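Observations on the three-dimensional arrangement
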Amino acid sequence: QVQLVESGGELVQPGGSLRLSCAASGRTFSRYTMAWFRQAPGKEREFVAAINAGGGRTYYADSVKGRFSISRDNAKNTASLQMNSLKPEDTAVYSCAAAGGSGYYAKPDSYDYWGQGTQVTVSS
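Each value, and the rule that gives it
Residues numbered from 1 in each chain as written. Predicted model: local features only at pLDDT ≥ 70, side-chain atom pairs only at ≥ 80, totals over all residues. Heavy atoms only, no water. Helix = DSSP H or I, 4+ residues; strand = E, 2+ residues; numbered from the N terminus. Contact = heavy atoms within 4.5 Å. Pairing = 2+ DSSP bridges. Axes fitted to C-alpha atoms, helices over the stretch in contact; angles between N-to-C directions. Buried < 20%, exposed > 50% of the residue type's maximum accessible area, 1.4 Å probe, protein only. Polar contact = N/O pair within 3.5 Å; in protein donor to acceptor, adjacent residues only side chain to side chain.

1. Some points on the environment of S95
Locating S95 in the fold gives a position in strand β9 (residues 92-99). C-alpha separation for the pair S95 and D109, spaced 14 residues apart in sequence, amounts to 14 Å. Setting aside residues up to four positions removed in sequence, S95 forms contacts with E6, A35, W36, F37, W114, G115, Q116 and G117.

This is the structure:
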C-alpha cells in the first residue's frame, strides 16, 4: 500500500515557475513508476510526465517537453515536478500516481495509487 500526498500548487503568473512535490508512504516506493497527471475543468485527465523506478528514464507529454522536469529521490520517498515557463493552459489540478506494474506509462489505468491533487493556476 502506498499513500501519496502532493504539495506546491498555487497561483503563478504566466512565464513563472513552480515545483510540485509528492511524498509517498511505504517502504516499497523505489519499486514504483511515478507519474504526474493533470485535469482541467471540463477536460479529461491528461498525462504530464513519468519516471521509472530507478529514475533513469523519464517521459513527457509533448505539451510540456522542454518546460517541465520530473525527478525522484528514492531515499526520501519523494517525486517532484519542476515546471518552468508556465502558461495559462497549464492550469489544472495536478496529481501524482504510482504504478507497480508494467503498463503503458501514459495511461491512468496503469497506476495503482493516486494522490488527492494540488491546484496550479497560471494567470496574470
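2. Let's talk about the sheet that holds strand β7 (residues 68-73)
Strand order across the open sheet formed by four strands is β1-β3-β8-β7, with antiparallel pairing between neighbours. With partners counted over all chains shown, the strands left at the sheet margins are β1 (4-7) and β7, one partner each. Between one strand axis and the next, the sheet turns through 15 degrees on average, direction left out of account. Pairing geometry for strand β3 (residues 18-24) and strand β8 (residues 78-83), over six bridges, is antiparallel. Bridge pairing links L20 to L81 in β8.

3. Remarks on the side chain of R67
Inspection of the secondary structure puts R67 in the loop between β6 (58-60) and β7. Exposure remark for R67: the relative accessible area of 11% places this residue in the buried category. Within the structure, the side chain of R67 is placed 2.9 Å from the backbone oxygen of S63, a separation counted as a polar contact. The residues contacting R67, other than those within four sequence positions of it, are Q82, M83, N84, S85, L86, K87 and D90.

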